[in-house]
Amino acid sequence: MAWYENGVFYHIYPLGLCNAPKINEKEPVTERLEMLNPWIDHIKEIGCNAIYLGPVFESVGHGYETTDYKTVDRRLGTNDSLKKFVQTCHEKGIRVVLDGVFNHTGREFFAFQDIKEKREQSAYKDWYCNVNFWGNNEYNDGFSYDNWGGYNLLVKLNQRNPQVIDYIGNVIKYWVEEFDIDGIRLDAADVLDFDYMKSMRRIANEVKEDFWLMGEVIHGDYGRWVNDEMLHSVTNYQLHKALFSGHNDHNYFEIAHNVKYVYNQVGGNLAKLYNFLDNHDVDRIASKVVNKDNLVPIYYLLYTLPGVPSIYYGSEFAVEGTKVNGSDDGLRPALNLVELQSEKAGSKLLKEIGQLGMLRQQSAVLARGQYEELMLTNRQFAFKRMLDNEAVVTIVNNDEQEAHVNVPVKMQAVEAKDVFSGEIIEIQNGTIQTTLEKNSGRIFYIKG
């Protein structure tokens, strides 16, 4: 089994968590990556075994306008700092995946600077899309070009240029050789050229066993990206939306429908999708959920529905954060781990997340098991994950009062065991009869 099948991710935006300056003023290197070291033990304690580390390479501001793919951002530290961080994570059984911003570069990237200097004579004029020396832009470059998202700060690479393909391929190889990383999250994968991604997958298959490629895909048919020639996984934005709105509206039908819809997109292989509740681009889950008690059943679904679960740093403490006037700063704060641990000591949510994380890591059923819906109402939802003759049954309740449920297990078995409390429930007439507390979840293990 590949490591990522039992992966439980912790997503860190390092420039924010480490309180780095918003703009890279090219000051001397400041060591901030060491600030992440205390988080490693915490991450392990709450049941995570992988870290997705947001952009760490030299850039101008937020990290996605790369200046140098082979040098760690001076606001965070040095290449040696990153190498030590990955080594420490590996020693503690935690894999590390880096952000790969390969759709565009920043304007200070060497190839773009060469075009500014030499114009039509630049050897790199075909490294970017639609460079037009008859055009202009707000920077008064005397030429125009394609960008990402309407921002000329982000210059779109020509992903069909063999030189660009070779360059990015060498970057991936360098990251593995230099830092020993375990995978890459491809930024803006929904606009990357498919052949470009296929070339990355070929390299991924060569550089390291079980090297993982995950892509940021917001809209579209996920099956177009997740296949044996391209990506191992993509971000499951569709489930992300359903998880909070389905609880806010007391509508588990929305979540169940979403799972079925995406299930068809990926040919039944939902286990490959990257599931999350929040990240560096969207409001924190604790800010989006009307009733904060519903965070518990939401996390039960995150960890037991098919897919690879991920927590965004601080959300296990129910940290809130929203975009304000279009700024992402509120989503990417500096956090003090010691203060959070002190404030949230004994937190029910933190305890539940830790239990769920360990279960997800250890359960082959949750890693590979097929999904089947068992019971569905607006306020209660039950499903099972089945592998061979073993099943894990999840039941959740979004109601503000306890619920008595009868859940048909659809298998030959005489008893079900609550995986956390150890309680044994007799299966009568093929049904689990149990009570759920308000805004809660239960998970049962059944052997057929």
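Keep in mind that what you see is a predicted model, and the values were worked out from it rather than measured. (Residues numbered from 1 in each chain as written. Predicted model: local features only at pLDDT ≥ 70, side-chain atom pairs only at ≥ 80, totals over all residues. Heavy atoms only, no water.)

Peer 1: I would appreciate a short explanation of a nonpolar patch on the surface in the present structure.
Peer 2: Residues Trp148, Tyr151 and Val191 make up a contiguous nonpolar surface patch of about 290 Å² in total accessible area. Mapped onto the fold, Val191 is located in the loop between β9 (183–186) and α6 (194–207). What makes Val191 partly exposed here is its relative accessible area of 40%. (Patch = residues over 30% accessible without salt bridge, like charges linked within 9 Å, V, L, I, M, F, W, Y side chains within 5 Å. Areas by Shrake-Rupley, 256 points an atom, 1.4 Å probe, with all protein chains shown as cover. Salt bridge = Lys/Arg side-chain N within 4 Å of Asp/Glu carboxyl O. Helix = DSSP H or I, 4+ residues; strand = E, 2+ residues; numbered from the N terminus. Buried < 20%, exposed > 50% of the residue type's maximum accessible area, 1.4 Å probe, protein only.)

Peer 1: Help me out: how do you make sense of the layout of surface pockets in this one?
Peer 2: Which parts of space are left empty comes out when a probe the size of a water molecule is rolled across the atoms. The calculated volume of the largest pocket comes to roughly 850 Å³. Taken together, 33 residues line the largest pocket, and the ones lying closest to its centre are His62, Tyr64, Asp281, Asp328 and Arg332. For the lining of the largest pocket, the secondary-structure elements that each account for two or more residues are α1 (14–17) and β8 (151–156). Of all the elements, β8 adds the most residues to the lining of the largest pocket, at 3 residues. The residue inventory of the lining of the largest pocket, partitioned by class, reads 16 nonpolar, 7 polar and 10 charged. (1 Å grid on protein atoms, 1.4 Å probe; cavity = no way out; pocket = protein on both sides within 12 Å on 5 of 7 lines; lining within 4 Å. Points joined across faces, edges and corners; volume = space filled by probe spheres on them. Nonpolar A, V, L, I, M, F, W, Y, C, P; charged D, E, K, R; others polar.)

Peer 1: What exactly am I supposed to notice about the packing of aromatic side chains here?
Peer 2: One pass over the structure, following the stated rule, counts 35 aromatic pairs. Both rings, one in Phe110 and one in Tyr167, keep their centres 5.9 Å apart while their planes meet at 55 degrees; by these two values the pair is tilted. Residue Phe110 is located in helix α4 (residues 110–118), and its partner Tyr167 is located in helix α5 (residues 162–179); the two are separated by 57 residues in the primary sequence. Centroid distance Tyr252 to Phe381: 5.8 Å. Interplanar angle 40 degrees. Geometry classified as tilted. Taken together, the residues span a long stretch of sequence, with Tyr252 in helix α8 (residues 252–265) and Phe381 in strand β15 (residues 380–387) at a distance of 129 residues. By the ring-pair criterion, three or more aromatic residues cluster together here, those being Phe57, Tyr69, Phe102, Phe109, Phe110, Tyr124, Trp127, Tyr167, Tyr174, Trp175 and Phe179. Here Lys70 stacks its cationic end above the ring of Tyr174, 5.3 Å away from the centre of that ring. Over the ring of Tyr313 we find Arg284; its NZ or CZ atom is 5.0 Å from the centre of that ring. (Phe/Tyr/Trp six-rings, centres within 6.5 Å; stacked < 30°, edge-to-face > 60°. Lys NZ or Arg CZ within 6 Å of the ring centre and 35° of its normal.)

The analysis is restricted to geometry; functional conclusions fall outside its scope.
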